[in-house]
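What the coordinates show
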Amino acid sequence: APLDLGKGNVVNATPLNSGDKTWQAEILIPRGGPENLNHSGNVRTICFRGPSRTSEDQAWQDAKDLEEAAPDGPVAVRKAAMVLQRGSRRR
C-alpha cells in the first residue's frame, strides 16, 4: 500500500487567469468492499480533492479536514470534500 494512504497532502493546482498560484488538498483512501484489491494485488484507492485555493495554508487546512474524515471511510471523505467544495465559492 502507498505510504501516503489516508494522509492529506497539498499539490499545485491550475493557476488563476491572473497567473496567481493555487493549491489543492488531496487524499488517497482505500476503496472498501470485496473488490478492494486490483488484478495485480494492489490496494484499490480513490483520490478525493478539495477546492483550488489561493492560500497554501487554507489548502493545508482542507487536507487536515479530509484526513480527519479518513478513518470513517470513502463515503465520509467524499462528504467532507463536497462540503469544502461548496464552502470555497468565496475564496
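Here the structure is shown first, and the text comes after it.
Residues numbered from 1 in each chain as written. Predicted model: local features only at pLDDT ≥ 70, side-chain atom pairs only at ≥ 80, totals over all residues. Heavy atoms only, no water.

**Observations concerning the overall build of the protein**
- In terms of helices and strands, the protein carries 2 helices and 3 strands.
- Taken from N to C terminus, the helices and strands of the protein fall in the order β-β-β-α-α.
- The long-range fraction of contacts in the protein, counting pairs at least 24 apart against all pairs at least 6 apart in sequence, stands at 50%.
- As displayed, the protein offers around 6,100 Å² of accessible surface, 48% of which is attributable to carbon and sulfur atoms.
- The average position of the 13 basic charges and that of the 11 acidic charges among the side chains of the protein differ by 7 Å. (Helix = DSSP H or I, 4+ residues; strand = E, 2+ residues; numbered from the N terminus. Contact = heavy atoms within 4.5 Å. Areas by Shrake-Rupley, 256 points an atom, 1.4 Å probe, with all protein chains shown as cover. Lys, Arg positive; Asp, Glu negative; His and termini not counted. Charge placed at Lys NZ, Arg CZ, Asp CG, Glu CD.)

**Notes on the packing of helix H1 (residues 56-69) against helix H2 (residues 74-87)**
- Viewed as axis vectors pointing N to C, H1 and H2 meet at an angle of 155°, and their least axial separation amounts to 8 Å. The pairing of H1 with H2 is recorded here as roughly antiparallel in orientation. Crossing hand, H1 versus H2: right-handed. Of H2, the residues touching H1 (which contributes Asp62, Asp65, Leu66 and Ala69) are Ala76, Val77, Ala80, Ala81 and Leu84. (Axes fitted to C-alpha atoms, helices over the stretch in contact; angles between N-to-C directions. Parallel < 35°, antiparallel > 145°, perpendicular 65-115°, else oblique. Left-handed = near helix turned anticlockwise from the far one by under 90°.)

**Let's talk about the nonpolar core**
- Counting 16 residues, the largest nonpolar core has Val10, Ile27, Ile29, Phe48, Leu66, Ala70 and Val77 as the members making the most contacts within it.
- Broken down by secondary-structure element, the contributors of at least two residues to this core are strand S2 (22-30), strand S3 (45-53), H1 and H2.
- Apart from the residues within four sequence positions on either side, Leu66 is in contact with Ala25, Ile27, Phe48, Gly50, Val77, Ala80, Ala81 and Leu84. (Core = buried A, V, L, I, M, F, W, Y, C linked by side-chain atoms within 4.5 Å. Buried < 20%, exposed > 50% of the residue type's maximum accessible area, 1.4 Å probe, protein only.)

**Brief notes about the pattern of salt bridges**
- Per the stated rule, a full pass over the model turns up 3 salt bridges.
- With a closest N to O distance of 3.1 Å, Arg49 and Glu26 form a salt bridge. Placement of Arg49 in strand S3 and of Glu26 in strand S2 is noted, with a sequence separation of 23 residues between them.
- Here Asp62 makes a salt bridge to Arg53, at a shortest N to O gap of 2.7 Å. Here the two residues Asp62 and Arg53 agree in accessibility, since each one is buried. (Salt bridge = Lys/Arg side-chain N within 4 Å of Asp/Glu carboxyl O.)

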